[in-house]
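# Structural features, examined
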Amino acid sequence: MSTPEAASPTAASITPATGKLGIMIPGMGAVATTLIAGVEAVRRGLAKPIGSTTQMGTIRLGKRTDERTPLIKDFAPLAHLDDLVFTGWDIFGGNLYDAAKHAQVLDRDQLEEIRPFLESIEPMPGVFDQHYVKRLNGTSVKQGKNKCDLANQIRNDIAAFKTKTDRQVMIWCGSTEIFLEQTPAHQTLAAFEKALVDDDPSISPSMLYAWAALKEGIPFANGAPNLTVDIPALRELSRKRNAPVCGKDFKTGQTFIKTVLAPAFKTRMLGVAGWYSTNILGNRDGEVLDDPESFKTKEESKLGVLDIILQPELYPDLYKDLYHKVRINYYPPRGDNKEGWDNIDIFGWLGYPMQLKVDFLCRDSILAAPLALDLCLFLDLAARTPSLRGLGIQEWLSFYFKAPDSAPGVYPEHDLFIQSMKLKNTLRHIMGEDLITHLGLDYYGE
Ligand SMILES: NC(=O)c1ccc[n+]([C@@H]2O[C@H](COP(=O)([O-])OP(=O)(O)OC[C@H]3O[C@@H](n4cnc5c(N)ncnc54)[C@H](O)[C@@H]3O)[C@@H](O)[C@H]2O)c1
C-alpha cells in the first residue's frame, strides 16, 4: 500500500485559494486582537507583517547554484491577506476596538487608524464554565441544556459564518484551561459524543469548540496548552472529516529560545546540569495562569521540551541529572510585556561548569500574532491539499508549538531548525519540488 508520504503529489492537485477565508477565533483577547488589528494594518500598508513566515519567509528550491528562492506566499497557494474575514467568540461583550484597548498591546494611535474596522467585529457569546478557568467570570455566555446543546449552538454560529465565507479555519486563542488528563470519554468519537449529552466533566469548553469545528469539516489549531484536540476521539473526527489538526500552545518566548539553545548544547555534546526559567507577566493571560490549575497545564507544556530534545536516555553522562524548573509570576505593572529569565548551568570538557543567562524582554502578543496568522494560512492550505488533509495531525506545523502533535508512538520534534526544515520540505513535497537534504556532494563532482 502506498503511504501518503510515498505518493508524489503535484501542485495541480491542490485546490486554489479562491474566495474568502473565514478565521474563527474562540477567545478574542490580546493575541486575537493583535492578530486582527495587525492583518488590517498590513492590508492598508500601515505596517509590515514581521515575524510571519508565510508573509516574509522565503524557500530555497533546487540547488544552491539555481538561485531560486521565492517568497513562501508566492510559491505555495496560500490565501491572500485581503481575503481574510474574522469572527469569534468571547465571554466579555463589546467590540474588538474595546478588547484591543483593554489588552494594551498596540499603541493608541495605531488602533485609532483602524478603529472602524475593529469596531465592526463583535465576538459572539462564548461557551464557558468557570470550573475550567477559575480566574474569569464572563457575562456574554451561551446557555444550554447540556454540553451537546452548547456545542450545537457553536455549530449554528459556524453554519451562519459559512454563508459569508468560502472556507474556514478555527484557532483557539482563549484562556488556558485547568489541567485535564485523558479519560475513557476521550478515547473514541462515540464515547465523546455520548459524554457531551451526559455533561461529562472531562469535556472542557475548548473541546466543544474543537468538536463543532471538526464536525463541520473545519481545521482546528490550539494556541493554548489545553488538552482540547489532543485526544483519540477528536483525532478520529479530524481524519474522518478531512479537517486537519496540529499541536498546542504557541511557541513564542522562553520556549522558543529554549528550543534553539538546547539543540546547540546537544550538538556540541555539552552537558546541562540545570535550567531555571522564570517569567513576570501582567496581562489577563498572566492572571489566568496565576491559578495553580491553569498553570499546571502550561507547566506541562513548557517542561516537555528539554527531555525530548536532550534525550537523556541516549546521553546519560550529559543530561540524566538535569534539573528543570519553570515559573510564571503574575505581575500587573508589566502588562503584555513579559520578561523571561533563564539561568542555564552547563558543563564542558572534563566536566568544568559554565553558566549562560538569558533575559528576554519580549512582547507576548507581538510574538504570538504572526504565528496565529501562519497557522490559519497553512491549515487552510493543508485542507486544500489531498496528500495532507486526510492525515489528521499536521506534524509539519510543529514549528509553531510548545507541544507539537505527532502520531501515536512517534516522539514530537522540538528542535526549531528541524521543525523549520520539516515545514519547508513539506511545502516542497506538496508542490512537487525536490526535497532539500543538505547532502551537497554533487557540487564537488566532475
Ligand atoms: N501571547 C503568547 O505569547 C502566548 C504564547 C503561548 C500561548 N498563549 C496562549 O494563548 C491564549 C490567549 O492569550 P492572550 O494573551 O490573548 O490571553 P487573553 O486573556 O488576553 O485572551 C483570552 C480570551 O479568551 C477568552 N475566553 C476564555 N475562555 C473562553 C471561552 N470558553 N470561550 C470564549 N472565550 C473565552 C477570555 O475572555 C479572553 O478574552 C492563552 O491561553 C495563552 O496562554 C499565548
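Above this note sits the structure.
For clarity, every value in this text was computed on a predicted model and none was experimentally measured. (Residues numbered from 1 in each chain as written. Predicted model: local features only at pLDDT ≥ 70, side-chain atom pairs only at ≥ 80, totals over all residues.)

### Let's talk about the environment of Y323
Along the chain, Y323 falls in strand 8 (residues 323–330). According to the C-beta neighbour criterion, Y323 is exposed, with 10 such atoms within 10 Å. For the pair Y323 and I344, spaced 21 residues apart in the sequence, the C-alpha separation amounts to 9.9 Å. (Helix = DSSP H or I, 4+ residues; strand = E, 2+ residues; numbered from the N terminus. Buried ≥ 20, exposed ≤ 12 C-beta atoms within 10 Å, placed from the backbone.)

### Here we look at the site of the ligand
Around the ligand, the structure places 35 residues, and the nearest of them are G27, G29, G126, A224 and R284. Per element, the largest residue contribution to the shell around the ligand is four residues, and it comes from helix 15 (residues 364–384). Partitioned by chemical class, the residues of the shell around the ligand number 18 nonpolar, 12 polar and five charged. Inspection of the shell around the ligand shows a minimum of three residues originating in each of domain 1 (11–251 + 365–430) and domain 2 (254–361). (Near = placed C-beta within 6 Å. Nonpolar A, V, L, I, M, F, W, Y, C, P; charged D, E, K, R; others polar. Domains from an automatic or database assignment.)

### A word on the sheet that holds strand 7 (residues 271–281)
Read from one edge to the other, the open sheet built from four strands follows the order 8-7-9-10, with strand pairing classed as mixed. Looking at strand neighbours, the two that pair on one side only are strand 8 and strand 10 (353–361), the edges of this open sheet. The mean inter-strand angle of the sheet, taken between neighbouring strand axes irrespective of direction, is 10 degrees. Pairing analysis gives nine bridges linking strand 7 to strand 9 (residues 339–347), with the strands arranged antiparallel. Across the sheet, residue S277 finds its bridge partner in strand 9, namely D342. Taken strand by strand, helix 13 (residues 292–310) contacts strand 7 and strand 8, and its axis lies near 150 degrees from that of strand 8. (Pairing = 2+ DSSP bridges. Axes fitted to C-alpha atoms, helices over the stretch in contact; angles between N-to-C directions. Contact = placed C-beta atoms within 7 Å.)

### Some thoughts on the packing of helix 7 (residues 147–162) against helix 9 (residues 205–215)
Relative orientation of the contacting elements helix 7 and helix 9 amounts to 50 degrees, with a least axis distance of 9 Å. Between helix 7 and helix 9, the crossing angle belongs to the class labelled oblique. Judged by the sense of rotation from one axis to the other, the crossing of helix 7 with helix 9 is right-handed. Contact residues: K147, L150, A151, I154, R155 and I158 in helix 7; L208, Y209, W211, A212, A213 and K215 in helix 9. (Parallel < 35°, antiparallel > 145°, perpendicular 65-115°, else oblique. Left-handed = near helix turned anticlockwise from the far one by under 90°.)

### Structural notes on the nonpolar core
Counting residues in hydrophobic clusters, the biggest one holds 94 residues, and the most contacted among them are I171, L208, A213, F220, A372 and L375. If near-sequence neighbours (up to four positions away) are discounted, L375 is found in contact with I171, A221, C246, L397 and Y400. (Core = buried A, V, L, I, M, F, W, Y, C linked by C-beta atoms within 7 Å.)

### Here's the deal with helix 1 (residues 30–43)
Side chains that are three or four residues apart share a direction in an α-helix, a result of its 3.6 residues per turn. Over its 14 residues, helix 1 extends 20 Å from the first C-alpha to the last, a length consistent with the 20 Å expected when each residue adds 1.5 Å. With 11 of 14 residues buried, helix 1 is to be regarded as a mostly interior element. If you check which residues of helix 1 are buried, you get A30, V31, A32, T33, T34, L35, I36, A37, G38, V39 and E40. Positive backbone phi, approximately 75 degrees, marks G45, located one or two places after helix 1. (Expected span 1.5 Å × (residues − 1).)

All quantities given are derived from atomic positions and should not be read as evidence of function.
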